[in-house]
Amino acid sequence: MSNLYKSPSNDYILILMKTRVLAIIVLVVVIAVVVSFLYLNGYLNVSPTNTKTMTSKSSSVTNSTNELTTSSSTTQSTGTSGYKNNTQSEITISPRYMIIDRQDAVQLANSLTQSGVYSQSELNSLQNGYFVIIKASVTNNEAQNFTLYPSSFELVTNNGSVYSYFILQHSSSVSYYYSFNSLLNTNYQLAPLFLTATENITLGYQVTANRDLIFLIPLNTTPSTLRVVDNGKIIGQVSLVNVTTDYLKVIKVNTFTNDSEVSLSLNSASTIYTINDTITLSLNVQNSEGLMPLTVTKIGVYPSAFSIIKISPDIVNSTLTPGQYSVVTGSSFPRSQNVIILVKLPNESYNGNVNVFMNVTYKPSFQAVVTQAINDRAEALLQYSQGGPGQLEVSTYLVANLSIMYNGSASVAFNPGNIHLVTNKGIYSNLYGPTSPFIYLYAVTNHIPYINTIVNGQIIQGQVAFQIPLGAKPLYIIYVSENNQTLFSAPIPSKIYNFSIFAINYEVNNQSLAYVYGTPYHFISYVYGISGGNFTINLQAYKYSYYQNSIVEVYNISLSPSIFEILSISPNLIGRYLNTSPTYCNITIGFPNQSFYGQLTINVYVKIVGNVTISNPAYIQKIQSKSLLNEKVGIKNPNTYYMIGSTTSRDISNLA
């Protein structure tokens, strides 16, 4: 039984001792961890001022200290600490957005060049760089205070280069704060964290909210990381890759149209400063064209980096309100309307012109045809013979009958003064203007007047006249707008009629035997008309009474000049014997195939064929005389609306 109890072995004692040592080691480690935690979180801070001062790379003199009392909110840095791993950074930077500003760098460089107060390296940086303004909040994550200097902040670019905070004021006399004109013109409230190199901010366990950090970096780089350093150690940093970026844009708006009678203007200042991605432009459209409807075909913008998002009201493919034409001034008062356009801006810094243009076009709305063209050389000679301008001696008139139809989307005015004749020797204007004719022509009996308003489907018919050189070949008639846009072009027909105006004289070869007269009366009235037409003379012939026992015969009738032709004599007077009482007949004569001014002579030839007294002379039918004084003669033309008077009461006693 004594063998059942054994004293502890040496192995057991060794195991027990090892267990106790391990427990002591674990206790020591736990105590060390707790102490470290308390120290790092400020509970065991042995500093008498509880302040950590960051060493500034600039002057250690402090001009001003800004202690911001904005309520703090500790946030985790999105970047990684330079000397702490797997723990919160001492400083957290929370960027809201960035502004890329090239224009102010250029303006500041120009200002420095003019003033002569600069260093060459700084000037080079401005001329070849741009500003990065970062709106950010900076949070102190430590229980102790931090003092921040401009040199505490660094901007790292995509190529790894590091750039320091840009100092806005180099001395009391040189300040760059107000050199940020372009940025300030956008109404951006610039709030720099520092103005001078000697400023600092003592930051407690709190946040500097929404302050601007300003850097100047080269053109060929992009911002990558923003960080805070202390004695070369990174104590906080944040990536800028996904930070919202606004680009400062300085835009000078220019406006254009493709029509001299239409203007497009901006209702506000032409230079716009913005960091937005869109701008709204209020434009005024003025249309001075009152003679034709203009349709807007496009409103656009260039360079191509810009684009139009919206037009309000959308006037593309609509007709502009025509201008109000004035007969007194011969021009139109413009009609205005406003249009708003929303323009998308490029996602980059921009300084330059933005050109807004509006294209308009005339959609053909007039159809015209020359129904008759008349050569009126006769009236040119008539006016010259009566003391008219000498050039008429080598000129002629062309009179045209026009038929015009308007099919337009807007009511416009019609101005006959804008009708022209194109010839092989030049272009000539209508002699019948909007208020009154410039000249009176017998050939024009229905000139086209000025019409205040013509509407869709309206037809205009009438005459126009032109003074052209002899030998000029008329080609076509055009109607032009106020900016010389051709609204219609009507070709001149190949067949041109001729206008003649003349007086009639009656001659008898043997005036002692007989007397002849007719209506129109000798040298009392003009007869006028065009080739292809005709007129009728009511002729009366008789023998003198002292030849009553003689047989007087009419043996011929002729016309002089020979360009005239007798079409008919009814009843035929040739071969008849005259009585002492009138013998009547109607002679129908065709107008000549050339324009004639002068005198038409009707020659009646008589002779005595016997002296035998006739007790019962042959019965001669008496033709009833018919006055032509107020008659009209129709022109032989398919377009019969053109009528011309056969006689007029105009005095021609001055014609030799």
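Keep in mind that what you see is a predicted model, and the values were worked out from it rather than measured.

Calculation criteria
- Residues numbered from 1 in each chain as written.
- Predicted model: local features only at pLDDT ≥ 70, side-chain atom pairs only at ≥ 80, totals over all residues.
- Heavy atoms only, no water.
- Helix = DSSP H or I, 4+ residues; strand = E, 2+ residues; numbered from the N terminus.
- Buried < 20%, exposed > 50% of the residue type's maximum accessible area, 1.4 Å probe, protein only.
- Contact = heavy atoms within 4.5 Å.
- Areas by Shrake-Rupley, 256 points an atom, 1.4 Å probe, with all protein chains shown as cover.
- Pairing = 2+ DSSP bridges.
- Axes fitted to C-alpha atoms, helices over the stretch in contact; angles between N-to-C directions.
- Phe/Tyr/Trp six-rings, centres within 6.5 Å; stacked < 30°, edge-to-face > 60°.
- Core = buried A, V, L, I, M, F, W, Y, C linked by side-chain atoms within 4.5 Å.
- Salt bridge = Lys/Arg side-chain N within 4 Å of Asp/Glu carboxyl O.
- Expected span 1.5 Å × (residues − 1).
- pLDDT = per-residue confidence, 0-100.
- Arc of directions from axis to C-beta.
- Polar contact = N/O pair within 3.5 Å; in protein donor to acceptor, adjacent residues only side chain to side chain.

Caption draft 1: View of the overall build of the chain. Each helix and strand in the chain was counted, giving five helices and 42 strands. When the 656 residues of the chain are sorted by exposure, 47% land in the buried category. Sequence separation of at least 24 residues holds for 76% of the intrachain contacts in the chain that already meet a minimum separation of 6. Here the chain has roughly 32,100 Å² of accessible surface; of this, 51% comes from carbon and sulfur atoms.

Caption draft 2: Focus on the sheet that holds strand 22 (residues 335–344). With antiparallel pairing, the four strands of this open sheet are ordered in space as 15-17-22-19. Of all strands in the sheet, those with a lone pairing partner are strand 15 (262–266) and strand 19 (307–312), marking the two edges. On average, each strand axis in the sheet is inclined to that of its neighbour by 30 degrees, with strand direction left out of account. For strand 17 (residues 278–287) and strand 22, the ladder comprises ten bridges, and the chain directions are antiparallel. What sits directly across from Thr278, in strand 22, is Lys344.

Caption draft 3: Representation of the pairing of strand 10 (residues 207–218) in the model. In terms of burial, strand 10 is largely enclosed, as nine of its twelve residues are buried. Relative to strand 10, strand 3 (residues 129–140) runs antiparallel, the two being bridged by ten bridges. Considered in strand 10, the bridge of Val138 is made with Thr208.

Caption draft 4: Local environment of the packing of aromatic side chains. On inspection of all chains with the given rule, the structure shows 28 aromatic pairs. Each ring, one from Phe153 and one from Phe194, has its centre 6.2 Å from the other, and the planes form 50 degrees; the classification is tilted. You can see Phe153 sitting in strand 5 (residues 153–157) and its partner Phe194 sitting in the loop between helix 4 (181–185) and strand 9 (201–203), a full 41 residues away along the chain. Of the two residues, Phe153 and Phe194, neither departs from the other in class, the shared state being buried. Summarising the aromatic geometry, the rings of Phe366 and Phe414 are spaced 6.2 Å apart at their centres and angled 50 degrees between planes, so their arrangement reads as tilted.

Caption draft 5: Broad picture of the pairing of strand 35 (residues 527–530). Covered by surrounding structure in strand 35 are Val527 and Gly529 together with Tyr528 and Ile530, the residues of both alternating faces. In this structure, strand 33 (residues 497–508) lies alongside strand 35, joined through four bridges in antiparallel fashion. Each bridged residue has a counterpart across the sheet, and for Ile501 the counterpart in strand 35 is Tyr528.

Caption draft 6: Spotlight on the nonpolar core. Counting residues in hydrophobic clusters, the biggest one holds 60 residues, and the most contacted among them are Leu281, Met358, Phe366, Phe414 and Ile477. Among residues more than four places away in sequence, those in contact with Met358 are Phe256, Thr257, Asn258, Val262, Leu264, Val285, Val296, Lys298, Ile299 and Ile315. Counting residues in each nonpolar core, the second largest holds 29 residues, with Tyr506, Val516, Ile557 and Leu578 among its members.

Caption draft 7: Summary view of the pattern of salt bridges. Across all of its chains, the model carries two salt bridges by this definition. Residue Asp212 pairs with Lys135 through a salt bridge whose shortest N-O separation is 3.3 Å. Residue Asp212 is located in strand 10, and its partner Lys135 is located in strand 3; the two are separated by 77 residues in the primary sequence. Grouping residues by exposure puts Asp212 and Lys135 together as buried. One salt bridge in this structure joins Glu154 and Arg227, with 2.9 Å as the shortest N-O distance. Here Glu154 is found in strand 5, whereas its partner Arg227 is found in strand 11 (residues 223–230), with 73 residues between them in sequence. Each member of the pair, Glu154 as well as Arg227, is classed as buried.

Caption draft 8: A look at the sheet that holds strand 34 (residues 514–519). Here four strands make up an open sheet; going across it, the order is 34-36-39-38 and the pairing antiparallel. With partners counted over all chains shown, the strands left at the sheet margins are strand 34 and strand 38 (565–570), one partner each. Direction aside, the axes of adjacent strands within the sheet are offset by 30 degrees on average. In the sheet, strand 36 (residues 534–543) pairs with strand 39 (residues 583–590) via eight bridges, with the strands oriented antiparallel. Of the residues in strand 39, the one forming a bridge with Ala541 is Thr583.

Caption draft 9: Focus on helix 2 (residues 103–115). Compared with an ideal rise of 1.5 Å per residue, which puts 13 residues at 18 Å, helix 2 spans 18 Å between its outermost C-alpha atoms and is within 8% of the ideal. Among the residues of helix 2, Gln103, Asp104, Ala105, Leu108, Ala109 and Leu112 are the ones counted as buried. One or two residues past the end of helix 2 sits Gly116, with phi positive at roughly 80 degrees.

Caption draft 10: Seen up close, the confidence of the model for the chain. Summary statistics for the chain give a mean pLDDT of 80 and a share of 77% for residues scoring 70 or more. Ignoring residues within four places in sequence, the model shows residues 1–9, a span with pLDDT below 50, making zero contacts including any to other chains. This stretch, residues 33–87, has a pLDDT under 50; its non-local contacts, to residues over four places away or in other chains, come to 98 contacts.

Caption draft 11: Highlighting helix 3 (residues 120–127). Regarding helix 3, the residues found buried are Glu122, Leu123 and Leu126. Each buried residue of helix 3 sits inside an arc of 100 degrees when the element is viewed along its axis, so together they form one side.

Caption draft 12: Representation of the side chain of Ser500 in the model. Mapping Ser500 onto the fold places it in strand 33. Among the polar contacts listed, one links the side chain of Ser500 to the backbone oxygen of Gln594, at a separation of 3.2 Å. Beyond its immediate sequence surroundings of up to four residues, Ser500 is in contact with Ala378, Val527, Tyr528, Gly529, Pro592, Gln594, Ser595 and Phe596.

Caption draft 13: Focus on unusual backbone geometry. Residue Ser312 is joined to Pro313 through a cis peptide bond whose omega torsion reads -10 degrees. Take Pro313: it is sitting in the loop between strand 19 and strand 20 (324–326). In this structure, the amide linkage connecting Ser570 to the following residue, Pro571, adopts the cis form with an omega of -10 degrees. Examined against the element boundaries, Pro571 turns out to sit in the loop between strand 38 and strand 39. The phi torsion at Asn187 lies on the positive side, around 65 degrees, for a residue other than glycine. Its location among the elements puts Asn187 in the loop between helix 4 and strand 9. For Asn187, a relative accessible area of 65% gives the class exposed. At Asn484, a residue that is not glycine, the phi angle is positive and equals roughly 65 degrees. Residue Asn484 is classed as exposed on the basis of its relative accessible area, which comes to 64%.

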